[in-house]
Amino acid sequence: MKKIILPLLMVIFFYEGFSQKRVISYPLDYSKNFLEKKEYDSYFLPDNSAGNFMLILKDNKKVEYLLFDDKFKVKSKIAPDDGFKSTIFNADDVDYLGGVAKNGVFRCVYKVTDKKFLGSNTYYKTEIIDFEKKTLRSEDLFEIPKNETLLISFGDFGQYFSITTNNSDNELKLYGLDADGKSYIKPVSITIPETSKRKKLSDYLEKIKLISSTEEPGLELAKDKVKLFHTPSAISIVVNENDDPTQIFTINKTDFSITHQAIDHSYFTKDEKGSSYINSFLYKDMLATLILNKKNIRIALYDKEGNLKKIHEINDNTDMSAFAQSPVMTTRSGKKTQEQDITDLKKVIKSLDRGSEAIMINEDKKGRLIITIGTHDPVQQSGGGSSGEWRTAQTNIPISNSSTKVGPNSYETTVYRPGISSYSKYGANFYKSLQFKIMVDPATLNLVKGLAPPSVADQIKDYIAEVDAKAQAKNQFQLNGKEYYGYYLTEDKTYVVEEIFIRK
C-alpha cells in the first residue's frame, strides 16, 4: 500500500507545485497614511493589435502606468511625479469601465464623480495613455440624456460599448468607442413581443448579462433569462420569458443593422404549455434551448436560421452511462467543496424544474460540443465585499452635457471590467449547483460517449480560492488563449502575475 501512496503523493505535490507559473514580479510600494482606508487597485487593458497589455497600479497617493510586451517584460512606463494631480484619479470618485487600445495608445473609459455640497456631478470620460509619447490626457466622452436607462457597459475585440434604452422610442442606443479613438452613437430599434408582460424596454432587458466568446462561462451567467452574446462581428441579445418563443436580436457591428428571430418551440403539448421552464444559449451559429417540465428534460438544438436540427430528451428511463458527466450536486463555500452524486433521474428533473435552470455550450480540444445543464443558486456568505468585478450596481442616470445631479430614479446596471472575469467576481466561490453534461458531435449533433474535460471555471475558482486570502488589487484575465491572475503581495511589496495552467 505504501508503494502506491508514495507515487500518488509525489504526483499531487508536482501538480500543486507547478499548477501555476509566475510571469511578472514587479516591485511596488503601495502606501497610505496611517488612518486612511487602503485604496489599492489595479486595472488591466489588452492591446490585441500588438499583443501587449497595460496594467495601471494605484494606491492612495500615486499611480503607475505599465506597458508589458507578450513576454511579460515592461516595455514602457509612465509614473507621474505629482501623484494623481495630472491624472483622471484626481476626481473624487473614479469607476473604471473598460476601454480600447491600439499600437501603444490606450483609451480607458471611466465614470467620474465630483462630489459637491448638496449634490454631485457625474461625467463619462476617457483617459488617453500614449506610451510612445509618454503622455496622459483626459477627454469628455459621452452625453447620455436623462430619459435613457443605462443597461450595460463592456469592452472587447478593440471596441467599447455603453448600451442604454429609451422607453418612449423602444430603442437601444449604443455609445461606442473604437480602437482609433472614434466615438459614436448608434440607435437601434427593438420591438417588444406582444406576448411579453413587460411593456417598457428597460424592464424587458433588465439584468442583462454579458457572455463573451473569449470566456467559457459558468452556470451563474447562463441561468439568466436576458443574455448578451458578444463576438468580433455582432452583438446578439437572447431573451427568454416564461415558455414563450425565444427572442434573438442580432446587431451587426459593421453597419449596426438589426435582425430579429423568434424561435417558437412548437413541439409543446397542450398540457405542457404554461407549465414549463425555458432557457437558451447561443454558441457560434447554434441556439441550444433547455425545456423543463415535471416529466422530462429536453435539449433542442437549432441552426442559425432557427430550424430545429435535433432534440435530446432525458427522462426516467434514460441511460446515464451516455452522459459526459453524471449528475452531481455541488455545494461550494470558498475552499470547501462538497459533492454528492445523484443517481435518481427523477430527483434530477425535480431539482431542475424550479426556475434557476441553465444551459451552456463549449468545446473540448477535439471540437466536440460539451453541453452543460444545471442549476446555480448563490450561497449566503458572511462579511466580505466586492472589488470591481462583474457587479450589479444601482446607477443613477446621467443627464446631458456629461454631468448629472442625482435623480429620483436609479436602475440596475451590469458593468464588465476587463481583468475581472466571471470566475473571480465576489461570491463566485459560494454557490449550490446541480449539473450534468452531455457530449455531441458538431456535425451530426448525435450523442457521443466520453468524459467531459474539467471546466475552466472550476479550475480558476480552485486556484483563486488558494491565493485569494493574501491577494489585493486583483485581476484575472485571458491573454493569447491562456489564463492569468495578477495581485499585490503586501509583505513582499510586489505586484505579481501568475499563469494558471488549465487542464483540457
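Definitions and cut-offs
Residues numbered from 1 in each chain as written. Predicted model: local features only at pLDDT ≥ 70, side-chain atom pairs only at ≥ 80, totals over all residues. Heavy atoms only, no water. Helix = DSSP H or I, 4+ residues; strand = E, 2+ residues; numbered from the N terminus. Buried < 20%, exposed > 50% of the residue type's maximum accessible area, 1.4 Å probe, protein only. Contact = heavy atoms within 4.5 Å. Core = buried A, V, L, I, M, F, W, Y, C linked by side-chain atoms within 4.5 Å. Pairing = 2+ DSSP bridges. Phe/Tyr/Trp six-rings, centres within 6.5 Å; stacked < 30°, edge-to-face > 60°. Axes fitted to C-alpha atoms, helices over the stretch in contact; angles between N-to-C directions. Salt bridge = Lys/Arg side-chain N within 4 Å of Asp/Glu carboxyl O. pLDDT = per-residue confidence, 0-100. Arc of directions from axis to C-beta. Polar contact = N/O pair within 3.5 Å; in protein donor to acceptor, adjacent residues only side chain to side chain.

1. A word on the environment of Val497
- Tracing the chain through its elements places Val497 in strand β33 (residues 494-500).
- Looking at Val497, the relative accessible area reads 0%, which means it is buried.
- Placed 10 residues apart in sequence, Val497 and Tyr487 show a C-alpha to C-alpha distance of 6.6 Å.
- For Val497, the contacting residues outside a window of four places in its chain are Lys21, Arg22, Val23, Ile24, Leu55, Phe477, Tyr484, Tyr485 and Gly486.

2. Focus on the nonpolar core
- In this structure, Phe281, Ile297, Ile299, Ile371 and Phe436 are the most contacted members of the largest nonpolar core, which totals 44 residues.
- In terms of residue count, strand β20 (residues 286-292) provides more of this core than any other element does, six residues in total.
- Apart from residues lying up to four places away in sequence, Ile299 is in contact with Thr289, Leu290, Lys310, Ile311, His312, Ile314, Ile359, Ile371, Ile373 and Ile438.
- Formed by 25 residues, the second largest nonpolar core is a distinct cluster that contains Ile152, Val226, Leu228 and Ile251.

3. Considerations on the pairing of strand β2 (residues 41-47)
- Counting buried positions along β2 yields six of seven residues, so the element is predominantly enclosed.
- Across seven bridges, β2 lies against strand β3 (residues 52-58) in antiparallel orientation. What sits directly across from Phe44, in β3, is Leu55.
- Adjacent in sequence and paired antiparallel, β2 and β3 are bridged by four residues, among which Gly51 carries a positive phi angle near 75 degrees.

4. Some details on the environment of Asp316
- For Asp316, the location among the structural elements is in the loop between β22 (308-314) and β23 (325-333).
- By relative accessible area, Asp316 is classed as partly exposed at 42%.
- With 19 residues separating them in the primary sequence, Asp316 and Ile297 have C-alpha atoms 9.9 Å apart.
- Other than its neighbours up to four places away in sequence, Asp316 contacts Leu345, Lys346 and Ile349.

5. Details of the packing of aromatic side chains
- What the rule picks out here adds up to 24 aromatic pairs.
- Ring centres of Phe477 and Tyr484 lie 5.7 Å apart, and the angle between their planes is 25 degrees; on these two criteria the pair is classed as stacked.
- Overall, the relative accessible area of 3% leaves Phe477 in the buried class.
- Residue Tyr484 is classed as buried on the basis of its relative accessible area, which comes to 5%.

6. Let's talk about the sheet that holds β20
- Judged by pairing direction, the sheet is antiparallel, and its four strands sit side by side in the order β19-β20-β21-β22 without closing on themselves. Bordering the open sheet on either side are β19 (277-283) and β22, each of which pairs with just one other strand. Recorded for the sheet is a direction-independent mean angle of 15 degrees between the axes of neighbouring strands.
- Taken strand by strand, helix α4 (residues 345-352) contacts β20, β21 (297-302) and β22, and its axis lies near 65 degrees from that of β21.

7. Here's the deal with the pattern of salt bridges
- In the structure shown here, the tally under the stated rule is 16 salt bridges.
- Asp29 serves as the salt-bridge partner of Lys493, at 3.9 Å between the closest nitrogen and oxygen. With a gap of 464 residues between them, Lys493 in the loop between β32 (482-489) and β33 and Asp29 in the loop between β1 (20-27) and β2 connect regions that are remote in the sequence.
- Take Lys493: its relative accessible area is 43%, and that puts it in the partly exposed class.
- Given a relative accessible area of 41%, Asp29 falls into the partly exposed group.

8. Overview of the confidence of the model for the chain
- Per-chain confidence: the chain averages 84 in pLDDT, with 86% of residues scoring 70 or above.
- Counted against residues more than four places away or in other chains, residues 1-18, with its pLDDT under 50, gives three contacts.
- Confidence drops under a pLDDT of 50 for residues 384-412, and excluding neighbours within four residues, the segment shows 87 contacts in the predicted structure.

9. As for α4
- Leu345, Val348, Ile349 and Leu352 are the residues of α4 that are buried. Along the axis of α4, the buried positions cluster into a sector of 95 degrees, meaning they face one direction only. With respect to the buried face of α4, the exposed residues turned more than 90 degrees away are Lys346, Lys347 and Lys350.
- At the N-terminal boundary of α4, the capping side chain belongs to Asp344, with an oxygen 2.9 Å from the backbone nitrogen of Lys346.

10. Focus: the sheet that holds β33
- Taking strand neighbours across the sheet as the criterion, the four strands line up as β1-β33-β32-β31 in an open arrangement whose pairing is antiparallel. Of all the strands in the sheet, just β1 and β31 (472-479) have a single pairing partner and so form its edges. With direction set aside, neighbouring strand axes in the sheet form an average angle of 20 degrees.
- Direction of pairing for β31 relative to β32: antiparallel, over a ladder of six bridges. Its bridge partner being in β32, Gln476 is matched across the sheet by Tyr485.

11. Observations concerning unusual backbone geometry
- One non-glycine residue, Phe256, lies in the positive phi region at around 60 degrees.
- Residue position: Phe256 is located in the loop between β17 (246-252) and β18 (258-263).
- Here the phi dihedral of Ala473 falls at roughly 50 degrees; this positive angle occurs in a residue that is not glycine.
- Within the element layout of this structure, Ala473 appears in strand β31.

12. Thoughts on the pairing of β31
- Across the eight residues of β31, six count as buried, placing the element largely inside the fold.
- Here β31 hands over to β32 after two residues, with Asn480 in that stretch at a positive phi of 55 degrees.

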